[in-house]
Structure formats: C-alpha cells, structure tokens
Amino acid sequence: MPQNSLTFAVPKGRILEEALPVMARAGVVPEDGFHDKSNRALSFATTREDMRLIRVRAFDVATFVAHGAAQLGIVGSDVIEEFDYSDLYAPVDLDIGHCHLSVAEPADGSGDVGTASHLRIATKYPNLTRRHFERQGIQAECVKLNGAMELAPTLGLAGRIVDLVSTGRTLKDNGLVEKDKIIDISARLIVNRAALKTDSRVAALVEAFRADAEKRKAA
C-alpha cells in the first residue's frame, strides 16, 4: 500500500452485511477474499489502490479512528455514546443496523438484586449504564461482560443486564424481559477529525456517504 493510503475500519458482526452495499455505493469495495468466511485476515485490499479495509471488533473501530490509525470507519451509535472521544466525528447517520440498548430483567421478577438506590448490572456498556441509572438517582454497580450477558441474572452475577436488543428473541429464550429502553441505535460513518481537515479524500468520502444516505431517505 502507498505510504499515504487510507484505512477504513469496519466492524465484525451484525452491522457489516448491511454496511457493505452502502460502502459500495460510496466507492469502498473490498477485495474478493473479504467475503470468504474462513478467511481470518484482519486487513484487506480494496478496489482503490490508496485504501485498505480493516475488520475489527466494533469498539476497536472507534479506537482506531479516534487515534488516527484509521481515517474512517463504520460503527453503531452505541459505541460512540459509550466512549467520549474528542478526536472522533460522526457526520453521517447511515440509517442501517437499527436496534436499541435496553435494561432487561428476569421475567419472573427476581431481578431486583440490591437496594432501591443500588443495583448490580451486567453489561459491556458501563458508562451508558451508569449515566442512565444516575438520572434515576440509582447507583449502578456495573459488572463488565463482553458476551453471554443473559446468563448473569440466572447465575446470580447481576440482577439485571443492559444490552443491545433487536427482535427480543434472545431475551425471551433466556427468561428475560425488557424493562427500560436507554437509547435507539443506528450505524454511523465516523472519521478522524484531523484527517478530515487535512485530507481531501476523507472529505470526499464523507460527502459520498452523505449523498447516499440522503438519497435513500428521500426515496
């Protein structure tokens, strides 16, 4: 890759399949090997000689872009809200990857572990969780988990969980119900602020993604 190449970060998981057509319309198209599910590579060429893609965990997309290791990326607004990165700018709502972040508890009502002013919550969103409960005058003791959140109430690790909800099927299958919705979520284009100011290619890509989003919204 050229020394002044662009790096575009994309997340593994639920958003990526919806993001690929949006990216293609904006001129960001990965090499064929990117679609091979058995391929464990993290970095991929694109149809642009001056751009590569990196495929990493959603939280890492924000970190790479905020610190300038990648100039652009796509990530859910949940990640943006969880981390207050001053060098991160989210100029375009891509209107894909819709879900919401919610508090859930056991359907049998056994979720009130703690006191009225102090609850233990299992989540991978401790900052969003604490802020949500602080607004209610409740101290949230957050137990950080990166997966299998639904097991926490069953095994006595926490009385409630805060996690992403799409259809609600996973909650139901694990004996949980939604109690409060914290925020609605969609995927956003994110850019490094310094790169946006200094590299015209970054600005051009922002405009391409914005134009596509506006066209879809108007349709």
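Residues numbered from 1 in each chain as written. Predicted model: local features only at pLDDT ≥ 70, side-chain atom pairs only at ≥ 80, totals over all residues. Heavy atoms only, no water.

Peer 1: A description of the domain arrangement of the chain should follow, citing residues and the corresponding values.
Peer 2: If you check the domain split of the chain, you get domain 1 (6–97 + 186–218) and domain 2 (99–184). Between domain 1 and domain 2 the total buried area reaches about 760 Å² when both faces are included, carbon and sulfur atoms providing 51% of it. Joining domain 1 to domain 2, the criterion identifies zero salt bridges. At the junction of domain 1 and domain 2, the tally comes to five residue pairs in polar contact (both at pLDDT 80 or more). (Domains from an automatic or database assignment. Buried area = accessible area lost by both parts, 1.4 Å probe. Salt bridge = Lys/Arg side-chain N within 4 Å of Asp/Glu carboxyl O. Polar contact = N/O pair within 3.5 Å; in protein donor to acceptor, adjacent residues only side chain to side chain.)

Peer 1: Any chance you could break down the packing of aromatic side chains for me, citing the residues and the numbers?
Peer 2: In the structure shown here, the tally under the stated rule is five aromatic pairs. Relative to F83, the ring of F59 has its centre 5.5 Å away and its plane inclined at 85°; by these criteria the two rings are edge-to-face. Linking F59 in helix 2 (residues 58–66) with F83 in the loop between helix 3 (77–82) and strand 5 (88–93), this pair joins segments that are 24 residues apart in sequence. Put simply, the rings of F59, F83, Y85 and Y125 pair up and form one aromatic cluster. Note that R55 overlies the ring of F34, its terminal NZ or CZ placed 4.7 Å from the centroid. (Phe/Tyr/Trp six-rings, centres within 6.5 Å; stacked < 30°, edge-to-face > 60°. Helix = DSSP H or I, 4+ residues; strand = E, 2+ residues; numbered from the N terminus. Lys NZ or Arg CZ within 6 Å of the ring centre and 35° of its normal.)

Peer 1: So what about the pairing of strand 9 (residues 139–144)? Which residues, and what values?
Peer 2: Pairing analysis gives six bridges linking strand 8 (residues 118–123) to strand 9, with the strands arranged parallel. Bridged to A122 within strand 9 is V143. One crossover worth recording links strand 8 to the parallel strand 9 by way of helix 4 (residues 126–134), and it is right-handed. (Pairing = 2+ DSSP bridges. Right-handed = clockwise from strand over helix to strand, strands pointing away.)

Peer 1: How would you explain unusual backbone geometry if you had to name every residue and give the values?
Peer 2: Residue D95 is not a glycine yet carries a positive backbone phi of 60°. Position of D95 relative to the elements: it lies in the loop between strand 5 and strand 6 (99–106). We classify D95 as partly exposed; its relative accessible area is 45%. At A148, a residue that is not glycine, the phi angle is positive and equals roughly 55°. Considering the arrangement of structural elements, one finds A148 in the loop between strand 9 and helix 5 (151–154). (Buried < 20%, exposed > 50% of the residue type's maximum accessible area, 1.4 Å probe, protein only.)

Peer 1: Kindly report on the pattern of salt bridges, identifying the contributing residues and their values.
Peer 2: Taken as a whole, this structure holds 11 salt bridges when the rule is applied. A salt bridge links D173 to R169, with the shortest nitrogen-to-oxygen separation between them at 3.1 Å. Highlighted residues: D173 and R169, both in helix 6 (residues 169–173), separated by four residues, approximately one helical turn. Take R169: its relative accessible area is 55%, and that puts it in the exposed class. One salt-bridge network, in which partners are shared between bridges, spans R48, D50, D199 and R201.

Peer 1: Requested: an account of helix 4, with residues and values cited.
Peer 2: Three or more residues of helix 4 are buried, namely P126, L128, T129, H132 and F133. In an axial view of helix 4, the angular spread of the buried residues amounts to 165°, which keeps them on one side of the axis. Where the residues of helix 4 are buried, they touch helix 3, strand 6, strand 8, strand 9, strand 10 (160–165) and strand 11 (176–185). (Arc of directions from axis to C-beta. Contact = heavy atoms within 4.5 Å.)

Peer 1: For the packing of helix 1 (residues 16–25) against helix 8 (residues 200–218), give the residues involved together with the corresponding values.
Peer 2: Put simply, helix 1 and helix 8 touch, their axes get as near as 9 Å, and they point 115° apart. When the axes of helix 1 and helix 8 are compared, the pair comes out roughly perpendicular. Judged by the twist between their axes, the crossing of helix 1 over helix 8 is right-handed. For the pair helix 1 and helix 8, contact is made by V22, M23 and R25 and by F209, D212 and R216, respectively. Its residues assigned to classes, the contact of helix 1 with helix 8 comprises three nonpolar, no polar and three charged. (Axes fitted to C-alpha atoms, helices over the stretch in contact; angles between N-to-C directions. Parallel < 35°, antiparallel > 145°, perpendicular 65-115°, else oblique. Left-handed = near helix turned anticlockwise from the far one by under 90°. Nonpolar A, V, L, I, M, F, W, Y, C, P; charged D, E, K, R; others polar.)

Peer 1: Summarise the sheet that holds strand 5; cite the residues concerned and give the values.
Peer 2: Pairing in this open sheet of six strands is mixed, and the strands run 2-3-1-4-12-5 from one edge to the other. At either margin of the open sheet sits one strand with a lone partner, and together these are strand 2 (43–45) and strand 5. In this sheet, adjacent strand axes meet at a mean angle of 30° when their direction is disregarded. Bridge count for strand 5 against strand 12 (residues 187–192) is four bridges, and the pairing is antiparallel. Across the sheet, residue Y89 finds its bridge partner in strand 12, namely V191.

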